[in-house]
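Survey of secondary and tertiary structure
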Amino acid sequence: MSDHTPHPLTRRAALAGTAITLGVGATIPAALADPSEKGSGRDKPTPRNARAKGAAGRDGRGSNGGDLPDPWDRSGSRDRTVREGNPRSVGLDPDVLDQLPGIIRAGLDNDPPRFSGASLLVASQGRIAYEHADGYALRWKNATEQLPEDQWVPARQDTIYDLASISKLFTATAVMQLVERGQLALEDTVASHLPRFGVNGKEQVTIQHLLTHVGGLPAFINLWQAHPDVSSRIDAALTVKPTAAPGTKYVYSDLGLIALGQVVEVISGQGLDVFVRENITAPLGMDETMYNPPAELLDRIAATEYMAATGELVRGHVHDENAYSLGGVAGHAGVFSTTRDLVVFAQMFLNGGTYGGARVLEAGTVRDMFTDRIAEVTGPGGARRGLGPELEAWYYHAGLTSPYSGAHTGFTGTSLVIDPLTDTVVIMLANSVHPTRAWSTTSVTRREVSTCVAHALGIVPKKVRDGWHAGSQDATTATLEVAVDLDGSATELTAELFYHLEEAYDLLTLEASADDGTTWTPLAGTLTSKDSGTIDAPTGSLTGWGRRARWDATFPLVAGGSPLTGEVQLRLTATTDGLTRGLGVWVGRIQVRAAGGGKKLLDTQRGRDRDAFVADGWVKE
């Protein structure tokens, strides 16, 4: 491989009127320019066999006594138009955002590279706070041979990418528009609109089943090789045999979205591409979002995979073989776009269905789309799906994960994350299958980007940032221990605490030992926050998103209903599994004192007490 690298293009909103160069063709659309602010699939995580640790204290959407307002209630939202912005003006730390180019570069330099090129955009509260592009939209001739260097095409902010399964969000939006018009209902059976779909026992599968991937369909079948033409391929997709009863099992399925695309076409009398253009992208001014991009745009389009079977390097048409065999227009794949166009689509959802005066969806529909429908099917730690969007996806939302975070990924290396709690959008478009899908996944970089943005937003409260921290790496166990002498009277441990842990798989546990560490007893406790309610930890363990709150934790030091006595060791253990993770755990001030706020036996604000702790895997800033 050559050492030649392109000059990466980074654009952070100017802090003092500094001119910004985006590169040739990367102009700022009029809809995005704000003169007043110048100077201011198939890429899924590996399935897990481990069952959820149901005994841990969890803090899901409104559970455990929480009465948090739904951030997807957008009925009173402003119709914000995306514009240039100053990171600090929207609560983002520009110095933290400046870590993003290094994260992208690490993905490019990985062996093998996680992607050939990438374009990144971060926006918050309707303001573009950061943009960056690096790598190459075109570099490879085939899976092993590079093009001559003078033919390499750098990735830029205006590079057009094959969105792959992010296309499913456009199909879902089209479906919900038909629902709003009364031409379709979520409870309708698919067969009532597509009679051929009802064969092989699928008569009871509904529109909602397909939107949420619980329709009982297989994940995928080969359409392009097994069937000779478009009509026979569509028929094969519609008549596929189910693998489960509807509503009983989650299987992420392209076939369900192919069927929904056909529903849109049958009801509207238009091709899916025409319907999406006329009802979604054109009203939003998304002029660079399309199916089957014209040949004159080829120089701006990121290449995808070299297909050994045909000897073709795919560039300018959809990568997904099934979508290509259906003419490049399908419910599951086929849309091409740029970061600047896609942020408008995301902002429309944050605006409650409107953008620039155009109403694409009603606010209530947006809330419905971003409300989970399958938790009862998948259980704790399982997949979460709204009516189209993927929710609470730790494997790429990472540090931004909450029960409300949503959007989608695409197999080609694309991802869209929307955090309604901060009105933040993170878009990473990459060509990770160029030149081959055999190379490593983009999800490692996706997670690092999301977590960087979370830190830039200051999600970890300042009050605990100078405390002990653990859980920022995968496959780790970190312990923080201290010994205290107890006289048998009622005592309790209190701690300032923040945690953001992948639900059911990453845990924080508090235990005590009265026999020099031979046996450990979990300590039940309670967490309280003025703004976020109460969380109970009946077995001393915590997991989940932690409601982005700083908690005052209280754990009575008892065993078997009686106060602990003598020399007692106390241990906080943070464990992460080998796959994905959140922001981890921060512990600020720790005290051991008589119950009810009495005499202090230990207080980490005293140097000697702080030094008594033994940290293995925990770090202190």
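Residues numbered from 1 in each chain as written. Predicted model: local features only at pLDDT ≥ 70, side-chain atom pairs only at ≥ 80, totals over all residues. Heavy atoms only, no water.

Next up on the list: the pattern of salt bridges. Any two side chains of opposite charge can pair, so long as their charged atoms come close to each other. Tallied over the full model, the rule gives 28 salt bridges. One salt bridge in this structure joins glutamate 305 and arginine 437, with 2.8 Å as the shortest N-O distance. Taken together, the positions of glutamate 305 in the loop between strand S7 (290-291) and strand S8 (306-307) and arginine 437 in the loop between strand S17 (424-430) and helix H13 (443-456) put the pair 132 residues apart, joining distant regions of the chain. The class for glutamate 305 is buried, based on a relative accessible area of 5%. A residue is classified by how much of its surface remains accessible, and arginine 437, at 33% relative accessible area, is partly exposed. Glutamate 492 is the salt-bridge partner of arginine 593, the closest N and O atoms lying 3.7 Å from each other. Of this pair, arginine 593 sits in strand S30 (residues 584-594) while glutamate 492 sits in strand S20 (residues 491-500), and the two are 101 residues apart along the sequence. Judged by its relative accessible area of 21%, arginine 593 falls in the partly exposed class. Connected via shared salt-bridge partners are Arg156, Asp158, Glu288 and Arg300. (Salt bridge = Lys/Arg side-chain N within 4 Å of Asp/Glu carboxyl O. Helix = DSSP H or I, 4+ residues; strand = E, 2+ residues; numbered from the N terminus. Buried < 20%, exposed > 50% of the residue type's maximum accessible area, 1.4 Å probe, protein only.)

Another aspect to go through is helix H7 (residues 272-281). The set of residues buried in H7 consists of Leu272, Phe275, Val276, Asn279, Ile280 and Thr281. Take H7 and look down its axis: the buried residues cluster within an arc of 150°, on one side only. Looking at the buried side of H7, the elements it contacts are helix H3 (167-180), helix H6 (254-268), S7 and helix H9 (339-350). (Arc of directions from axis to C-beta. Contact = heavy atoms within 4.5 Å.)

This part covers a negative patch on the surface. Residues Asp485, Asp515, Asp516 and Glu567 make up a contiguous surface patch of negative charge. Looking at the secondary structure, you find aspartate 485 in strand S19 (residues 476-487). (Patch = residues over 30% accessible without salt bridge, like charges linked within 9 Å, V, L, I, M, F, W, Y side chains within 5 Å. Areas by Shrake-Rupley, 256 points an atom, 1.4 Å probe, with all protein chains shown as cover. Lys, Arg positive; Asp, Glu negative; His and termini not counted. Charge placed at Lys NZ, Arg CZ, Asp CG, Glu CD.)

It is worth spelling out the nonpolar core at this point. Among the nonpolar cores identified, the biggest contains 86 residues, and Phe345, Phe349 and Leu416 are the most heavily contacted of them. One finds Leu508, Leu510, Ile535 and Trp551 within the second-largest nonpolar core, a separate group that totals 37 residues. (Core = buried A, V, L, I, M, F, W, Y, C linked by side-chain atoms within 4.5 Å.)

Let us look at the sheet that holds S7. What the three strands build is an open sheet, ordered S6-S10-S7; its pairing is antiparallel. Pairing within the sheet leaves two strands with one partner each, and these edge strands are strand S6 (161-162) and S7. Pairing of S6 with strand S10 (residues 335-337) involves two bridges; the strand directions are antiparallel. Residue pairing in the sheet places tyrosine 161 in a bridge with serine 337 of S10. (Pairing = 2+ DSSP bridges.)

Inspection of every chain in the model, using the stated rule, returns 11 aromatic pairs. Ring geometry for tryptophan 72 against phenylalanine 370: centres 3.9 Å apart, planes inclined by 20°, an arrangement best described as stacked. Highlighted residues: tryptophan 72 in the loop between strand S1 (9-12) and strand S2 (83-84) and phenylalanine 370 in the loop between helix H10 (363-369) and helix H11 (375-378), separated in sequence by 298 residues. Judged on exposure class, the residue tryptophan 72 and its partner phenylalanine 370 are both buried. With a centroid separation of 4.8 Å and an interplanar angle of 70°, the aromatic rings of tyrosine 395 and tyrosine 396 are classed as edge-to-face. (Phe/Tyr/Trp six-rings, centres within 6.5 Å; stacked < 30°, edge-to-face > 60°.)

Extensive coverage of S20 is indicated by the burial of 10 of its 10 residues. Pairing of S20 with strand S26 (residues 551-556) involves six bridges; the strand directions are antiparallel. From the neighbouring strand, leucine 493 faces S26, where its bridge partner is phenylalanine 555.

A separate point is the side chain of threonine 365. Examined against the element boundaries, threonine 365 turns out to sit in helix H10. Ignoring anything within four residues of it in the chain, the contact list for threonine 365 reads Met176 and Glu180.

What follows deals with unusual backbone geometry. In this structure, proline 112 follows aspartate 111 across a cis peptide bond, with omega equal to 0°. Along the chain, proline 112 turns up in the loop between helix H2 (100-109) and strand S3 (117-124). That bond from histidine 434 to proline 435 is cis: its omega, 10°, falls within 30 degrees of zero. Mapping proline 435 onto the fold places it in the loop between S17 and H13. For glutamine 125, which is not a glycine, the phi torsion comes out positive at approximately 50°. When you line up the elements, glutamine 125 lands in the loop between S3 and strand S4 (127-138). The backbone phi angle of alanine 407 is positive, close to 140°, even though this residue is not glycine. Mapping alanine 407 onto the fold places it in strand S15 (residues 406-410). Overall, the relative accessible area of 1% leaves alanine 407 in the buried class.

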